[in-house]
Amino acid sequence: MWYVIEGHDGPDVLSRRQAVRPAHLARLTDLRDQGRLMLAGPCPAIDAEDPGPAGFSGSLVVAEFDSLEAARAWADADPYMEAGVYMRVDVRPFKRVLP
């Protein structure tokens, strides 16, 4: 089943986000290579493609997992969680309709 994983950044975490981004992207690349990643990306904190020092308000991942528990475990092990970038992560089932 598909799951939405929404990470919410804490305040002033841009430098931590940048430091662990390669490890975060490696996990997403692994999901993509397994055919289990629908989409992933950050949410700019301001209405701009490149938010600069304003940074990001969080990230969104839609990926396939065997269960809600497996999706939560994957999210909890994210480098952004371990580095304190995310102050909260929401994980919920997602039903793909289009495309």
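Because the structure is predicted, anything quoted here is derived from the model rather than measured. (Residues numbered from 1 in each chain as written. Predicted model: local features only at pLDDT ≥ 70, side-chain atom pairs only at ≥ 80, totals over all residues. Heavy atoms only, no water.)

### Let's talk about the layout of surface pockets
Line of reasoning, step 1. Estimated volume of the largest pocket: approximately 230 Å³.
Line of reasoning, step 2. In this structure, the largest pocket is lined by 15 residues; those nearest its centre are Arg17, Arg21, Leu25, Pro42 and Tyr80.
Line of reasoning, step 3. Residue assignment for the lining of the largest pocket shows that the elements contributing at least two residues are α1 (14-33), β2 (37-44) and β3 (56-64).
Line of reasoning, step 4. Per element, the largest residue contribution to the lining of the largest pocket is 7 residues, and it comes from α1.
Line of reasoning, step 5. Looking at the lining of the largest pocket, its residues break down into 9 nonpolar, 4 polar and 2 charged. (1 Å grid on protein atoms, 1.4 Å probe; cavity = no way out; pocket = protein on both sides within 12 Å on 5 of 7 lines; lining within 4 Å. Points joined across faces, edges and corners; volume = space filled by probe spheres on them. Helix = DSSP H or I, 4+ residues; strand = E, 2+ residues; numbered from the N terminus. Nonpolar A, V, L, I, M, F, W, Y, C, P; charged D, E, K, R; others polar.)

### Here we look at helix α2 (residues 68-76)
Line of reasoning, step 1. Of the positions making up α2, those classed as buried are Ala71, Trp74 and Ala75. In an axial view of α2, the angular spread of the buried residues amounts to 100°, which keeps them on one side of the axis. α2 presents Glu69 and Asp76 as exposed residues on the side facing more than 90 degrees away from its buried surface.
Line of reasoning, step 2. Those residues of α2 that are buried lie in contact with β1 (2-9), α1, α3 (79-82) and β4 (86-94). (Buried < 20%, exposed > 50% of the residue type's maximum accessible area, 1.4 Å probe, protein only. Arc of directions from axis to C-beta. Contact = heavy atoms within 4.5 Å.)

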